[in-house]
Structures are given as structure tokens and as C-alpha cells.
Amino acid sequence: MNDAAHDGDEGSKDFVREVIREDLEAGRTQTVVTRFPPEPNGYLHIGHAKSMCLNFGVAEEFSGRCHLRFDDTNPTKEEHEYIESIQEDVRWLGFDWGEHLFFASGHFDTLYEWAQHLIRAGKAYVDDLSPEEMREYRGTLTEPGKNSPYRDRPMEENLDLFTRMKAGEFKEGARVLRAKVDMASGNINMRDPVIYRILHAEHPRTGTEWCIYPTYDFAHGQSDAIEGVTHSLCTLEFADHRPLYDWLIASLPVPFVPRQYEFSRLNLTHTVLSKRRLIQLVEENHVRGWDDPRMPTLRGLRRRGYPAPAIRDFAQRVGVTKSDNVIEVQLLDHCARELLNKTAERRMAVLRPLKVVIENYPEGEDELLDAVNNPEDESAGKRQVPFSREIYIEREDFMEDPPKKFFRLGPGREVRLRYAYFITCTEVIKDDSGEVIELRCTYDPATRGGDAPDGRKVKGTLHWVSAAHAIAGEIRLYDHLFTEAEPSAGEGFLNGLNTESLTVLEGCKLEPSVAELPADAALQFERQGYFNRDPDSNDERLVYNRSVGLRDSWAKIVAKGGANT
RNA sequence: UGGGGAAUAGUUUAACGGUAGAACGACGGGUUCUGGUCCCGUUAGUCAAGGUUCGAAUCCUUGUUCCCCAGCCA
């Protein structure tokens, strides 16, 4: 995975790795320690994947380690279920934290002692202001705040009140512990931030042991220090917190001084990545759940059939900088296709079947034809596909009045059935409404396998499935969740939902060997795209998700209206 | 009007005072039993204005635009 590091040809790569390299060279640290710090209040999405690839990737490249640490400081929002599912998702993406599983809650005792330390140093006080009053005292972005009347409470009284907060003597919200920094600071995070609050809630890990909990600012950097994290990598919105991060570390008896560095978060076109919006999509049933294949969650992507290595490749290509960015989803699709093209076995499946009867093929007979499993990988071998007099082809592979650039089947035209024979359309059968319901064709027995001995060429090759041997399947096609590349901010974003993001096709015809594939095999249905079996599949019915379609130059011609030119 | 961050092809991203390069996309062509893959080519960029320098994306000045911050969320 880190071959480049051994080739000696690796450059600065990105500013984080550059900083680390300098720190190593300057001897500021011997070992690189990073951490991936999710809050267990939701499922991981592709934005988290970027963070994991950075944190775990850097640790591996520099022979250090990366901790998995749950930032579980707010019991009112966190659940045990997420602690499990997050670990599962991290493993699925391909990362291993080894022995280094931590919880901010595991550091609660130390954090409590450190809070007392701060009080004794005159750097923290218990405040009785209500949340509303505190907001008023805080000032605004352009005006300084003013000191709380409780700011100069004697140290002994602060210690006593803090002890009583811990003992559960006060109601939620009645008092908080605040760091005494600077109410006039231009940086609002420095205006005496709350570092402990009363929460009479049951914690997923510590139960009812505590009723006061540290805030993010008093837990994150402190956990970094306790665990010996050298490089605490977070997203840009925390840059404003860095002065506080450093102030607290400098004010506490920490065993180690960690440093925080910020990079810009990932944004993707045609989707949303904020936790709040994702929750809304699920709760209002705009999608079928957190693992809906349209969701940008890791569970969604996995169910959709995006392989973990493709997501890691994507994260690597996207880079790490401090500039705002919106990555085009096409890049993600490209990463998936590139990997799947090399690894996915090919099969044939007809999504929208049109029956074809080959009139000169003997009735009641069939035969097996050789088909290559993966033209990109000879070791994938071959399989045999049954052929017979009645087959299905794709409806869109036939046009009664084809435009000039249409290379597929039409009245009187000859095309190749992949790995089978050349066939020529001799008759078109329609129902009362004029819809084509069946084609009559003849085949050339001399073209068995797909080549004409006389060197005759055809312009089109179609996939097909023998009617008698086909197995039925349901196929789900996906499109962007949002029509616009960048869904509007605010509540209006739901207006941009793509009403056609899901297309369910029933009555699809699958090549019989599909049933023998392992349930988790990624495959390509030739000329259609890459697919994987959905967990909704059972003994009676197979359900396939299209992960991503093949690049489709014919669709582009049609879209431009140039089919006739 | 406070504090912090960022501006390089359509989108991401390299460059560390010395030829602005890559990937994705788009467009055109070649190969092909997948209108796929692969191969070749085209397109297109330093936010602006000054300054320093033989030489500036890079250093300085001024300005412009965008993003984040006023939770007892993280």
C-alpha cells in the first residue's frame, strides 16, 4: 500500500505530510500518532472516509499508529448502536486500529482532575448564568463580551460548587464550569468557553456514573495529550478552536503536547454530507434508510457496490488542502469503474426484455457456448452460456426505423449476439397498440461463436439471454439523489431531490450462471454496468443494484440529438 | 463593522524565485465480438492592480471574492 514510500520518489504530497516530515527530521517526534475521532451519533459517510484515509494513511506511511477514538462526551445524542456500526465501517474501509481503541469517556477521571487543576490555578470558575444570559454576556462577532458576575468567585467556592455539580445537587443547566480566558477576545471561542456542563442523562458507556460531562473543547485536545497523539488532524471549522486547544494544553499538567492541524472537508456534487441533512433524508423517508444505495454513507456505498479500495483511491486523488472544494461525483464513479473493470466478472442480463424467435433454429434444442469471464483478466477463465431458439434481447437494442448512427438491430439488419451467432431480423410483431412485442430472426449457423468465416462484419454486438434458461431478477438503477450539482443551502435543499433517483426493473432476465456466483461478487452485466447482489435477495428472487453504469457514448450521441447525422 | 481560513483550466490538484504539469470531465480520432476497456490527440488556468527582481503562481503593498465562528453540539 505504501510502495511509493519505499521507492524514494515520494514528494511533499500534501501539507500535512510535509509538516510531519519536518517534525520527524527536526526530531520533534520519533513516532507519528494520529487518531480518527468520530462521535457515535450517526453513521460514517464518504467525508469521514477522507479523514480516515488521511489519518490511517499517514500513520502507516510513517510507520506510526492511528487510534480509533470515540468522542463520546454528549450522552444526550450518542448511542451504543453507532459505536458498533462505526467500527464495522472503519474495518470495511480497510483500516485497523489494532489495540488502540479509545473513548473520550475512558478519560473522564483524568479530565475531572484536570478541571479541578484549572480551578486551583484560577483559570476556571463555576458560572450560574442561564444559557440566555450567557449569550447576552458573550457579545457579538463585532462587539466584545463582558465578564460574568460570577467570574471572580473565590477558588474554594468554585471547587465546592464543582464538586456539588458532580454530586448531582443541581438541575441540568443550572451551572457550568467555564475556562477563564478573555471575554474581549476577537475569537469567540476564547470568551470563557464552557468546559463542563450538567447532563442528567445515561451515557452509553459510563451509564449514570457521571452527571457532568466535558465539552468537546475540554475533551478532544486532552484525549490527544493522554494518548500521545502527535498530529491531531481535523477539519477547517476547528481552526478557530486551536488557540483554545493550545491554551488548555498549556494550562494543564499534560504528559504530552499534541498539535492540531486543519484541512478542508470533502464536499461532493449531487448529494449532501452534513449529518443533519442526512438524518432528515432518512427520517422523512426520502430514502429507504442509512444504507440506501443512494446515500453517501459508507453503508450506502457498500450496498451500492462501491468497493472499499475504490473509495480509498478516490480519497487519495482528491488530495488534502485547506481550500474549499466540491468534488464532482464523476471522479468517484471513475474510481469505481477503473477497479471494477479489472476485477468484475462479466455476465449477460437483459434489463428490459424483448423476445426474439430464431425461426431457423431447431425447435426444442439448445447448446452451450463459450464466454470469457473477464477480458481484462485471463485467469478469470471461461464459462458456458446456454443458447436456444427463443431468446431475449434489450428492448433498446432494436429500432424499427433506426437513425443513421444506430448500429444495433432493425428490420433486415444483421448483428452479432455476443459469443453466439449473427442474426438477421426478418419480421416485427406488434400488439394492437402498435408496440413491438416480438421479433422474428434467422441465424447463420456458420457464425457460431461470433465470427463469420467469410470475414463478414457487423456493426453491432448485443447481449442476450436464452428464454428457457433465464432466471428472473429485479434490477435497481440509481441516479443522483439531487438534480443540481450543489443542492441549495438551508431548508430548501429537499426541493432539489431527484424524483428519478431510483428505478426498479422487475422481470429482468439473467444468465443462469449468475445464480452460482458468491453473494458478494461484483460483476459486470455486459454493456450495462457494474452490479452487485442486494441483501433483499432471497431464494425466490434475485435483486441486483447497479453500482455504476459503463461509460455510454451512444447515450451522449442521443442526448445531443445527433443520432441521425 | 471583530476573529480565523482560502483563491491555479469546467472540477480537484502540483509548483517552494527559473519552461505552469497531472487527474477527472468535455471534445475529436484509432483499435475492438461490450457504442466498455485500451491508445492517440484537442480544449482550457495563476482573483485584480501596483511594486521588488535579469526572472514572480511563488516575495511585498493595496484591493476584490468566497468559506467558517456568537451551542451548556462535535
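Residues numbered from 1 in each chain as written. Chains lettered and ligands numbered in written order. Predicted model: local features only at pLDDT ≥ 70, side-chain atom pairs only at ≥ 80, totals over all residues. Heavy atoms only, no water.

Considerations on the protein's contact with RNA strand B
Here's step 1: Around RNA strand B sit 70 residues in total, of which T73, R346, R408, R416 and G449 are the nearest.
Here's step 2: For RNA strand B, a sugar or linking oxygen lies 3.4 Å from a polar atom in the side chain of D71.
Here's step 3: Within the side chain of D324, an N or O atom sits 3.2 Å from a sugar or linking oxygen of RNA strand B.
Here's step 4: Of all the secondary structure elements, the ones that give two or more residues to the surface near RNA strand B are α6 (131-138), β6 (194-198), α12 (308-318), α13 (329-343) and α14 (553-559).
Here's step 5: For the surface near RNA strand B, the per-class residue count stands at 22 nonpolar, 21 polar and 27 charged. (Near = heavy atom within 4 Å. Polar contact = N/O pair within 3.5 Å; in protein donor to acceptor, adjacent residues only side chain to side chain. Helix = DSSP H or I, 4+ residues; strand = E, 2+ residues; numbered from the N terminus. Nonpolar A, V, L, I, M, F, W, Y, C, P; charged D, E, K, R; others polar.)

Quick word on a positive patch on the surface
Here's step 1: Together, K404, K405, K459, R551, K556 and K560 give the surface a local cluster of positive charge.
Here's step 2: Inspection of the secondary structure puts K556 in helix α14. (Patch = residues over 30% accessible without salt bridge, like charges linked within 9 Å, V, L, I, M, F, W, Y side chains within 5 Å. Areas by Shrake-Rupley, 256 points an atom, 1.4 Å probe, with all protein chains shown as cover. Salt bridge = Lys/Arg side-chain N within 4 Å of Asp/Glu carboxyl O. Lys, Arg positive; Asp, Glu negative; His and termini not counted. Charge placed at Lys NZ, Arg CZ, Asp CG, Glu CD.)

Here we look at the packing of aromatic side chains
Here's step 1: In total, this model carries 20 aromatic pairs according to the counting rule given.
Here's step 2: Here F525 and F531 contribute two aromatic rings whose centre-to-centre distance is 4.6 Å and whose plane-to-plane angle is 40°, an arrangement assigned as tilted.
Here's step 3: Of the aromatic side chains, those joined through ring pairs into one cluster are F108, Y112, F162, Y196, W210, Y213 and F218.
Here's step 4: The ring of W247 has K123 lying over it, and the distance from NZ or CZ to the ring centre is 5.6 Å.
Here's step 5: When the ring centre of Y112 is taken as reference, the NZ or CZ atom of K166 above it lies at 5.1 Å. (Phe/Tyr/Trp six-rings, centres within 6.5 Å; stacked < 30°, edge-to-face > 60°. Lys NZ or Arg CZ within 6 Å of the ring centre and 35° of its normal.)

Considerations on the domain arrangement of chain A
Here's step 1: One can read the domain layout of chain A as domain 1 (109-216), domain 2 (264-345 + 476-508 + 541-565) and domain 3 (349-463).
Here's step 2: Placing the centre of domain 1 and that of domain 3 at their C-alpha centroids yields a distance of 75 Å. (Domains from an automatic or database assignment.)

Here we look at helix α10 (residues 275-283)
Here's step 1: If you check which residues of α10 are buried, you get R277, L278, Q280, L281 and V282.
Here's step 2: Downstream of α10 by a residue or two, N285 has a phi angle that is positive, lying close to 60°. (Buried < 20%, exposed > 50% of the residue type's maximum accessible area, 1.4 Å probe, protein only.)

Here we look at the environment of G139
Here's step 1: Tracing the sequence through the fold places G139 in the loop between α6 and α7 (155-166).
Here's step 2: Judged by relative accessible area, G139 falls into the partly exposed class, the value being 25%.
Here's step 3: Expressed as a C-alpha distance, the spacing of G139 and R191, which sit 52 residues apart in the sequence, is 9.0 Å.
Here's step 4: Look past the residues within four positions of G139 in its chain and what remains in contact with it is P144, G145 and R191. (Contact = heavy atoms within 4.5 Å.)

Quick word on the sheet that holds strand β20 (residues 464-466)
Here's step 1: Strand order in the open sheet formed by seven strands is β19-β16-β17-β18-β12-β15-β20, with mixed pairing between adjacent strands. Edge positions in the sheet fall to β19 (461-462) and β20, since each of these pairs with one other strand and no more.
Here's step 2: Sheet analysis places strand β16 (residues 414-417) next to β19, joined by two bridges and oriented parallel. Looking at the pairing, L417 lines up with L462 of β19. (Pairing = 2+ DSSP bridges.)

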